[in-house]
Amino acid sequence: MGSNLLTLTFLIPLAGSLLVLLVPKESAGRACRWVNLLTSLATFGATLAVWSGWSKHTGGGYALVEDAAWIKAFSIRYHLGVDGVSVALLLLTSFVSLGGSLASWNIEKSPKGYHSMFLLLLGGMIGVFMALDMFLFYLFWEIMLLPMYFLIGIWGGPRRQYAAIKFFLYTLAGSVLMLAAIVLIWIKHGTFQIPEIVALVKAHGGLFGEGAEGLRIACFIAFFVAFAIKVPSFPFHTWLPDAHVEAPTPISMILAGVLLKMGGYGLIRMAYPFFPTAAATLGTTIVVISLISIVYAAFVAMAQTDFKKLVAYSSVSHMGFVTLGLASLTPEGHNGAMYMMLAHGTISPMLFMIVGVIYERAHHRDLDRFGGLAWAMPTYGVLAAFGIFASLGLPALSGFIAEITVFLGSFQSFPRLTLVATVGMVVTAAYYLITLQKVYLGDTPAVYRDKAHYPDVSRRELLVLVPLAIVTLWMGILPDGAMSIYRGDLEGILEGVKAIAGKP
Amino acid sequence: MTALGALLPSILLTAGVLAVLFADAAAKGRRPLLLPWISGTALVAVAAVAVAWLAGDRLGDRVVLGALRMDAFTAVLTLFCAVAGLVSILATLVGDGNSRPGGEFHALVLCAVVGMSVLAAAVDMVTLYLAFELVSITGYVLVGMRRADRLANEAAMKYVLFGAVSSGLMVYGLSLLFGLAGGTSLEALRAAVVSGASSQPVFVAAVVLVFAGFAFKVSAAPFHFWAPDVYQGAPTAVAGFLSVASKAAGFAGLVRVVLALGAQPATAKEPIASFLPWGSPVAAVLAVAAVLTMTVGNLAACRQKDLKRLLAYSSIAHAGYMLMALAVWTPNAMSALVFYLVTYLFMNLAAFLFAGIVVRATGSSSIDSLHGLGFRNPWLAAAFTLVMLSLTGIPPMLGFLGKLVLFESVLREGWVWFAVIGLLNGAISLYYYALPLRRMYLEGVAEGAPPVRLAPGAAVLAAVLVLPVVAFFLWWSPLADWARTVVPSLRIGS
């Protein structure tokens with residue numbers, strides 16, 4: 001192990017993905033889900049090992065680095081490594097996927113294909129968070145698109161075809177622009193290595209040499225748009241509600257829990273450190289985009305009658321805090337943004353699972369047709385209320401810490417604009433409380449009293465929901481635990497950005 | 001290198017043509033399996049000669065017979081067209097149409113490859129035109145070979161009409177260039193260009209006319225209209241052959257002509273560098289054609305309901321990407337073009353191979369005939385999916401590497417907007433490349449649809465084509481390096 005730990009970590013799910021294909025057809029349904037679960041467990045174990053390996057690493061920079069020449073003609077290297085930011089997101093990825101794997105237990109349609117795609121997706125996600133060569137990063141980034149396309153397109157709801165191709169086209173359109181920027185950096189500086197590029201920025205005060213600010217801004221925009229589509233920020237968010245509504249529950253969990261975080265990760269790892277001056281120049285624009293995302297998506301969420309669409313728009317709204325915090329260029333803002341990614345990464349999968357639980361029983365998600373479910377399914381009601389309160393930012397739960405930290409940073413840089421975000425918080429509280437009232441409280445219609453069709457959460461569902469709830473609670477009470485993983489490295493990145501952006 | 005050595009591919013292929021015709025006549029209409037063996041052997045021999053040329057480095061980089069230039073570029077294109085011919089012959093055995101075509105089919109394919117290999121080497125306008133016509137005329141007959149098929153007849157007719165008009169335009173343009181140059185060799189033309197002929201209005205007219213001929217051959221807009229009908233009507237293997245080999249040969253001829261049109265002194269060491277400056281009318285024409293071709297191809301493809309028409313528009317779009325390299329016209333861009341052609345060879349031949357298999361099994365080339373293929377034949381559908389993704393340029397497929405290298409060469413010259421248009425075109429193309437994916441996977445299993453079987457031979461052929469498409473990204477440094485070695489010898493003079 002040791003030096004090849006990172007390779008192993010992304011190869012485990014890829015191997016599992018192939019293993020699923022070898023399962024004989026007769027026992028496919030049961031065997032595949034076990035392969036998936038065990039592979040996901042092994043991947044989770046591997047990321048824990050990465051965590052411990054990383055925490056033994058001293059001296060800053062990237063840990064567990066694997067670096068070897070690969071495509072010499074283009075000086076592309078097989079370069080993997082992790083810092084605190086990657087470790088935190090790797091843990092999130094494998095943890096949420098484990099839940100997703102359990103939530104996939106009763107997939108009946110073509111189980112081999114499903115579980116194979118699921119694990120391929122997991123491998124791609126893991127790879128994105130550890131690639132330090134931009135070519136490699138781009139490979140992993142795009143490799144995820146295909147399984148996601150099929151997972152939504154084959155196992156999704158009625159409008160799955162439209163949602164799947166929309167997701168694919170949006171992401172691809174964004175990433176080809178990023179590819180152009182990556183290639184431009186390579187042409188000018190002859191390297192695809194992220195650490196080398198960051199060092200170049202530090203040494204020369206920016207890429208592309210003196211007087212190329214226009215090109216720097218253009219490249220920053222290319223990176224920003226590619227990642228903003230993933231985050232997703234207004235006005236690039238429209239694929240998300242479609243994708244979420246149509247995707248099967250476990251895929252929604254992964255989409256919200258992990259895929260959106262790749263946008264934030266890309267901003268932290270590449271867009272900001274590569275082009276600090278451009279990021280500072282466009283700071284206000286990014287804040288405005290974030291505020292529109294927060295407030296507009298909250299209002300749209302309020303107008304929804306589909307429970308899942310409501311949660312989807314709430315994701316857009318919450319992820320607005322990530323870009324808001326990053327734009328502030330303060331330690332608190334960046335800490336908060338990252339904390340929001342982790343908090344949202346656990347709360348939103350929980351909410352999607354909560355929607356999935358009732359959808360599986362009722363076969364509809366119409367908010368107006370539910371009522372009093374807390375009395376019919378008490379455990380479910382408690383967990384749902386927990387998820388809803390976590391998402392609306394109740395103190396002592398992780399969402400609150402994230403929002404307050406982002407505010408602390410954002411107020412320093414944009415005191416007046418940030419006030420607008422409070423509107424979003426109020427609206428968020430409103431639509432969640434209305435939802436709670438409509439779905440879980442009040443009188444229970446007779447249909448939902450039928451114990452045979454509306455049993456309380458099963459043990460498997462509990463196994464998905466409870467760990468997510470525990471993490472949410474832990475992150476809300478002891479924020480230092482999760483924060484300590486990424487804080488040092490994140491602030492290091494920010495200092496680099498500020499050192500350059502401060503003297504344009 | 002002696003003249004005989006330079007003509008070796010043509011001699012081998014002509015011998016193959018004769019052997020095939022004799023064997024066919026001797027078989028008295030029984031169409032023995034011997035025919036593909038003969039034509040296959042001839043093509044393998046030609047490929048071996050081309051490989052020996054490349055490996056032995058004994059081409060001499062000189063003009064033989066005053067008309068053919070023997071350099072690495074010639075060798076590469078000869079190899080390329082021989083491989084494409086071989087794959088197409090094998091594809092007829094497993095695809096739609098007559099799986100045991102007569103001797104004339106084999107003879108025509110071999111003749112076409114003769115024309116292509118000569119076209120790639122031609123540095124004399126008359127030779128160039130003759131080779132061009134040889135490729136065209138064999139193409140017309142190949143398309144119309146299924147005499148009883150109305151669609152094939154119509155396609156052949158369209159191909160002939162478009163071909164005749166554009167070849168007329170081209171020969172007129174060549175005659176004007178002959179008048180300006182005072183000779184038929186491309187070197188004479190270049191001498192005239194260097195001494196200022198390019199400032200005359202008639203020069204621009206002549207260039208546009210010659211480009212029109214080549215635009216027809218590589219199916220570039222606005223001379224692309226024949227492609228969808230022809231590809232749809234022709235046997236699928238022939239369509240694949242035309243879309244790959246005929247297009248590559250067209251590009252090879254175009255490269256030689258553009259070399260002659262440059263204003264750089266013939267003595268310069270670097271044959272290509274900075275030879276079409278930004279404001280050059282030749283570069284402008286090529287750049288406009290590139291943007292037009294890829295955009296028209298991609299947008300029109302989105303509305304197709306027929307798989308072969310879809311692939312036709314896709315091949316038009318790819319011609320647009322390749323024209324980008326010509327418009328940029330640096331050594332880097334030329335090696336990117338060679339690299340791109342290699343990636344295109346594998347993925348496009350594979351796409352047409354699969355189309356042929358599906359057409360044969362279902363009797364229809366409609367995209368709807370793919371319905372539920374992902375469940376009817378998972379292996380075939382998976383391979384087809386990978387090829388479609390490769391054509392889109394999704395990593396880590398071969399097509400992505402081709403695009404990466406190509407766009408790198410465009411961006412390197414600072415043509416950022418040009419590259420962005422190309423990249424966004426690539427993103428648009430996902431929409432229609434995903435149409436077959438939708439039919440195969442997203443719409444469930446078709447009730448009562450005929451089974452689609454993959455014969456062992458077809459499976460081997462498919463594996464040979466698809467494996468590089470999927471696995472090449474693991475180690476593609478050698479191909480990129482090799483593509484760079486092809487370009488330095490590329491000239492039109494001795």
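Up top is the structure.
Note that this is a predicted model, so its numbers are computed, not measured. (Residues numbered from 1 in each chain as written. Chains lettered and ligands numbered in written order. Predicted model: local features only at pLDDT ≥ 70, side-chain atom pairs only at ≥ 80, totals over all residues. Heavy atoms only, no water.)

## Structural notes on the overall build of chain A
Alright, step 1. For chain A, the helix and strand inventory stands at 21 helices and two strands.
Alright, step 2. For chain A, the C-alpha radius of gyration of 22 Å lies close to 23 Å, the compact-globule estimate for 504 residues.
Alright, step 3. Projected onto its principal axes, the C-alpha positions of chain A cover 70 × 60 × 40 Å.
Alright, step 4. Expressed as a percentage of contacts within chain A between residues at least 6 apart in sequence, the contacts between residues at least 24 apart total 81%.
Alright, step 5. Carbon and sulfur atoms make up 67% of the accessible area of chain A, which amounts to about 16400 Å² in all.
Alright, step 6. Here chain A carries 31 positive and 26 negative side-chain charges, and the mean point of each set is 4 Å from the other. (Helix = DSSP H or I, 4+ residues; strand = E, 2+ residues; numbered from the N terminus. Rg over C-alpha atoms; globule rule 2.2 N^0.38 Å. Contact = heavy atoms within 4.5 Å. Areas by Shrake-Rupley, 256 points an atom, 1.4 Å probe, with all protein chains shown as cover. Lys, Arg positive; Asp, Glu negative; His and termini not counted. Charge placed at Lys NZ, Arg CZ, Asp CG, Glu CD.)

## Looking at the packing of aromatic side chains
Alright, step 1. Applying the stated rule across the entire model yields 48 aromatic pairs over all chains.
Alright, step 2. Summarising the aromatic geometry, the rings of Trp70 of chain A and Phe135 of chain A are spaced 5.8 Å apart at their centres and angled 70° between planes, so their arrangement reads as edge-to-face. Of this pair, Trp70 of chain A sits in strand 1 (residues 63-71) while Phe135 of chain A sits in helix 5 (residues 134-143), and the two are 65 residues apart along the sequence. Exposure class is identical for Trp70 of chain A and Phe135 of chain A. Each is buried.
Alright, step 3. Centre to centre, the rings of Tyr231 of chain B and Phe352 of chain B are 5.9 Å apart; their planes meet at 80°, and the pair counts as edge-to-face. Here Tyr231 of chain B is found in helix 9 (residues 226-233), whereas its partner Phe352 of chain B is found in helix 13 (residues 331-362), with 121 residues between them in sequence.
Alright, step 4. Judged by relative accessible area, Tyr231 of chain B falls into the buried class, the value being 1%.
Alright, step 5. Three or more aromatic residues link up through ring pairs in this structure, and these residues are Trp70, Phe74, Phe135, Tyr138, Trp186 and Phe192 of chain A together with Phe339, Phe400, Phe473 and Trp476 of chain B.
Alright, step 6. It is Lys230 of chain A that lies over the ring of Trp141 of chain A; its NZ or CZ is 4.8 Å from the centre. (Phe/Tyr/Trp six-rings, centres within 6.5 Å; stacked < 30°, edge-to-face > 60°. Buried < 20%, exposed > 50% of the residue type's maximum accessible area, 1.4 Å probe, protein only. Lys NZ or Arg CZ within 6 Å of the ring centre and 35° of its normal.)

## What about the packing of helix 2 (residues 28-56) of chain A against helix 4 (residues 111-130) of chain A?
Two packed helices can be described by the angle between their axes and the distance between those axes.
Residues and elements named next belong to chain A.
Alright, step 1. Relative orientation of the contacting elements helix 2 and helix 4 amounts to 10°, with a least axis distance of 8 Å. Taken together, the axis directions place helix 2 and helix 4 in an arrangement best described as roughly parallel. Between helix 2 and helix 4, the residues in contact are Ala28, Gly29, Cys32, Arg33, Asn36, Thr39, Ser40, Thr43 and Thr47 and Pro111, Lys112, His115, Phe118, Leu119, Leu122 and Ile126, respectively.
Alright, step 2. Residue classes in the contact of helix 2 with helix 4 are distributed as seven nonpolar, seven polar and two charged. (Axes fitted to C-alpha atoms, helices over the stretch in contact; angles between N-to-C directions. Parallel < 35°, antiparallel > 145°, perpendicular 65-115°, else oblique. Nonpolar A, V, L, I, M, F, W, Y, C, P; charged D, E, K, R; others polar.)

## Brief notes about a nonpolar patch on the surface
All names here are of chain A.
Alright, step 1. On the surface, a nonpolar cluster with roughly 320 Å² of combined accessible area is contributed by Phe299, Met302, Val423 and Ile434.
Alright, step 2. Looking at the nonpolar patch, the elements that each hand over two or more residues are helix 13 (283-302) and helix 19 (415-440).
Alright, step 3. Along the chain, Met302 turns up in helix 13. (Patch = residues over 30% accessible without salt bridge, like charges linked within 9 Å, V, L, I, M, F, W, Y side chains within 5 Å. Salt bridge = Lys/Arg side-chain N within 4 Å of Asp/Glu carboxyl O.)

## Overview of the interface of chain A and chain B
Where interface size is quoted, it is often the accessible area lost as the parts come together.
Alright, step 1. Facing 32 residues of chain A, the contacting portion of chain B comprises 36 residues.
Alright, step 2. Both faces considered, chain A and chain B share a buried interface measuring about 3200 Å² in area, 79% of it formed by carbon and sulfur atoms.
Alright, step 3. When residues of chain A are sorted by the area they lose upon contact with chain B, Phe74, Gln161 and Ile187 of chain A head the list and together hold 17% of the total.
Alright, step 4. Across the contact surface, chain A and chain B share zero salt bridges.
Alright, step 5. At the level of secondary structure, the elements contributing two or more residues to the side of chain A that touches chain B comprise strand 1, helix 5, helix 6 (145-155) and helix 7 (160-189) of chain A.
Alright, step 6. Here the element with the most residues in the side of chain A that touches chain B is helix 7 of chain A; it accounts for 15 residues.
Alright, step 7. Its residues placed into classes, the side of chain A that touches chain B shows 26 nonpolar, three polar and three charged. (Buried area = accessible area lost by both parts, 1.4 Å probe.)

## Observations concerning helix 18 (residues 456-471) of chain B
Residues and elements named next belong to chain B.
Alright, step 1. End to end, helix 18 covers 21 Å across 16 residues, agreeing with the expected 22 Å (1.5 Å per residue, within 8%).
Alright, step 2. Of all the bends in helix 18, the greatest, near 30°, is centred on Leu465, and the proline Pro468 appears no more than four residues after it.
Alright, step 3. Within helix 18, the full set of buried residues consists of Ala458, Leu461, Ala462, Leu465, Val466, Pro468 and Val469.
Alright, step 4. Against helix 3 (72-94), helix 13, helix 15 (378-392) and helix 16 (398-412) lie the buried residues of helix 18. (Expected span 1.5 Å × (residues − 1). Bend = angle between axes of the 7 residues up to and from the residue.)

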